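Fold and contact review
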Amino acid sequence: MDERVAMSDPDTYNLVYLNKALRHDLGLTEDEDITGKKCYEVLEGAKSPCEFCTNERLSRDYFYKWVHHDARTGQDYIMRDTLVPWRGKNYRFTSSTCLKDYVGKYLKENGEMVGKSAANEMIAIALDERDPDASIDKMLESIGEALKADKVMIFEEDEENVSATYEWKKEGVPSTIDKLQKIPREKAKALYQGFVPSEVTIINDPERMNKALKDGNISAVKINSLVSRHLAINRRSFGFVEVVNPAPDRLKDASLLLTAVTRFLSVLIRNRDIYKRLRQLGNTDQLTGVMNRHRFMGLMQHIPQGEPIALIYADFNDLKDINDTDGHEAGDEALRKMACAMCSVVDQNRVFRVGGDEFIAVAEEVNLDDVKEIVKKMRQAFDEQGVSAALGYGIFKMPIDDIEAAIAEVDHWMYYDKRRAKEEQHKDQDFIPDHLPEKTAGQKEEGKENPEQ
């Protein structure tokens, strides 16, 4: 099984080494010069550093391990990244293994032909799915059908509880996943009975198992036989997979098959977690923790038709003065306080940072009185946080045909509020009046270009 190896400068992203196996995957000859080429250009075909780059997480003390799908080769790789000293500085060292090669080697050494062909087919089916959850579901379905089982489940654990997170069941078999949530570890002893972390467990004492499940108030289908194995990454267990009632003539196959595929299932689950974190990062403003403009536009596409919503536009007052006087760290902290104030009034998933110092809050199923109360509370929350912001709002019925026009409308009233604040015309007012003067031609543009006026 060939390891793919690359070395690069983490500061400049310049490649300094690719081994033969990785060159083969990338379609490069053994003597093709990579001097001065960027790692993201050669390895990913990208024009800028990868969003998932792990450089900031690397240390000389350990390997950072993760799973990566290479869209160009169509393969999934187990990645191991670290820093190594070379020529007086630290270089990024990456060693990767193709998952298909990894599982195939294990099966060749430990499995029989039946297990090998079944496991390879399951992995191929799972890898065809782009969604990690769908890959795991496909894997469980393949296991269940291959072993003629009643049910296949995955349980994941935390420090206190064990919960069923995935379930495949044969037609006619009742679902139990909803009843198997947050089971205290003490009550879940029956689920762990006989576990040896590095081996497959076959439970052939159904009477004892069913009694233990009943005593622990754990609802499950009646068990005649059960095959189970721990799920682990880097020797750390985070759950287990169970095959309930496989056909008697498949028990031997069940042991071999589960030994092989649980390693791959563990990687799929870790890949799922990475995927979810990346999606969260893609929807979240990293400075303030609220949602970003991309997430705002996505929300606007999913609010039910006919539902009234309010868009509340907030713009920080005099952020430039804070940055110039106290520094950008103080300015960043002020923006975090502003976001915190808005989230104390509206759910965090409905507050969006849409510009440097601009935020939009979305309130659903509201009327004018509701919105005025929200704006009043936001002003109070700003005062409590020691920040100042101008507010504008508008009420719209979904769908909004032109989102940008709607934003421009509430942005206009925000600038109206900002000018009135500077003129101290509403020093003690808690909300914007019900009726505002009609916007004159060019007013918004004038305010945008010179908000100090």
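Residues numbered from 1 in each chain as written. Predicted model: local features only at pLDDT ≥ 70, side-chain atom pairs only at ≥ 80, totals over all residues. Heavy atoms only, no water.

**Concerning the overall build of the protein chain**
What the protein chain contains, in helices and strands, is 14 helices and 16 strands. For the protein chain, the proportion of its 453 residues judged to be buried stands at 47%. Across the protein chain, every contact between residues at least 6 apart in sequence was considered, and the portion connecting residues at least 24 apart equals 58%. As displayed, the protein chain offers around 24,400 Å² of accessible surface, 46% of which is attributable to carbon and sulfur atoms. (Helix = DSSP H or I, 4+ residues; strand = E, 2+ residues; numbered from the N terminus. Buried < 20%, exposed > 50% of the residue type's maximum accessible area, 1.4 Å probe, protein only. Contact = heavy atoms within 4.5 Å. Areas by Shrake-Rupley, 256 points an atom, 1.4 Å probe, with all protein chains shown as cover.)

**Regarding unusual backbone geometry**
The peptide bond linking methionine 398 to proline 399 adopts the cis configuration, its omega dihedral lying at 0°. Considering the arrangement of structural elements, one finds proline 399 in the loop between strand S16 (389-397) and helix H13 (403-422). Residues other than glycine seldom take positive phi values, yet lysine 182 does so here, at roughly 50°. Among the structural elements, lysine 182 can be located in the loop between strand S7 (161-169) and strand S8 (183-184). Taking the relative accessible area as the measure of exposure, lysine 182 reaches 65% and is therefore exposed. At glutamate 365, a residue that is not glycine, the phi angle is positive and equals roughly 50°.

**Some remarks on the pairing of strand S13 (residues 308-316)**
Of all the nine residues making up S13, eight are buried; the element is thus mostly covered by neighbouring parts of the structure. Bridge count for S13 against S16 is nine bridges, and the pairing is antiparallel. Bridge pairing in S16 links proline 308 to lysine 397. Judged from the seven bridges that link them, S13 and strand S15 (residues 358-364) form a sheet pairing that is antiparallel. Looking across to S15, one finds that aspartate 315 is bridged to glutamate 358. (Pairing = 2+ DSSP bridges.)

**What to know about empty space enclosed by the protein**
Taken as a whole, this structure holds two cavities of 30 Å³ or more when the rule is applied. Estimated volume of the largest cavity: approximately 410 Å³. Taken together, 27 residues make up the lining of the largest cavity; nearest its centre are Leu43, Glu44, Met79, Arg92 and Thr94. Elements represented by at least two residues in the lining of the largest cavity include exactly strand S1 (4-8), helix H1 (20-26), helix H2 (39-44), strand S3 (64-70), strand S4 (75-86) and strand S5 (89-98). (1 Å grid on protein atoms, 1.4 Å probe; cavity = no way out; pocket = protein on both sides within 12 Å on 5 of 7 lines; lining within 4 Å. Points joined across faces, edges and corners; volume = space filled by probe spheres on them.)

**Focus: the sheet that holds S15**
With mixed pairing, the five strands of this open sheet are ordered in space as S12-S14-S15-S13-S16. Of all strands in the sheet, those bounded by a partner on one side alone are strand S12 (291-292) and S16. Bridge count for strand S14 (residues 351-353) against S15 is three bridges, and the pairing is antiparallel. Considered in S15, the bridge of phenylalanine 352 is made with isoleucine 360.

**Thoughts on the confidence of the model for the protein chain**
Averaged over every residue, the pLDDT of the protein chain is 79; residues scoring 70 or more account for 76%. The model gives residues 194-198 a pLDDT under 50, and that stretch makes nine contacts with residues more than four places away or in other chains. Segment residues 425-453 is flagged for pLDDT under 50; beyond a separation of four residues in sequence, or across chains, it makes 46 contacts in the model. (pLDDT = per-residue confidence, 0-100.)

**Section: a nonpolar patch on the surface**
A cluster of nonpolar side chains, namely Val16, Tyr17 and Trp86, defines an oily patch on the protein surface of about 240 Å² accessible area. Structurally, tryptophan 86 is set in strand S4. Exposure remark for tryptophan 86: the relative accessible area of 31% places this residue in the partly exposed category. (Patch = residues over 30% accessible without salt bridge, like charges linked within 9 Å, V, L, I, M, F, W, Y side chains within 5 Å. Salt bridge = Lys/Arg side-chain N within 4 Å of Asp/Glu carboxyl O.)

**Overview of the packing of helix H11 (residues 328-343) against helix H12 (residues 368-385)**
Between H11 and H12, the least distance of the axes is 8 Å, while the angle of their chain directions is 140°. In terms of orientation, H11 and H12 fall into the oblique class. Both H11 and H12 take part in a crossing whose hand is right-handed. From H11, Lys337, Met338, Cys340, Ala341 and Met342 reach across to H12, where they touch Met378, Ala381, Phe382 and Gln385. For the contact of H11 with H12, the residue count by class is seven nonpolar, one polar and one charged. (Axes fitted to C-alpha atoms, helices over the stretch in contact; angles between N-to-C directions. Parallel < 35°, antiparallel > 145°, perpendicular 65-115°, else oblique. Left-handed = near helix turned anticlockwise from the far one by under 90°. Nonpolar A, V, L, I, M, F, W, Y, C, P; charged D, E, K, R; others polar.)

**Focus on H12**
With 18 residues, H12 extends 26 Å from end C-alpha to end C-alpha; this agrees with the ideal 26 Å at 1.5 Å per step. Every buried residue of H12 is listed here: Val371, Lys372, Ile374, Val375, Met378, Arg379, Ala381 and Phe382. Put simply, asparagine 367 is the residue that caps the front of H12, since its side-chain oxygen is 3.1 Å from the backbone nitrogen of aspartate 369. The first or second residue beyond H12 is glycine 386, which carries a positive phi of 75°. (Expected span 1.5 Å × (residues − 1). Polar contact = N/O pair within 3.5 Å; in protein donor to acceptor, adjacent residues only side chain to side chain.)

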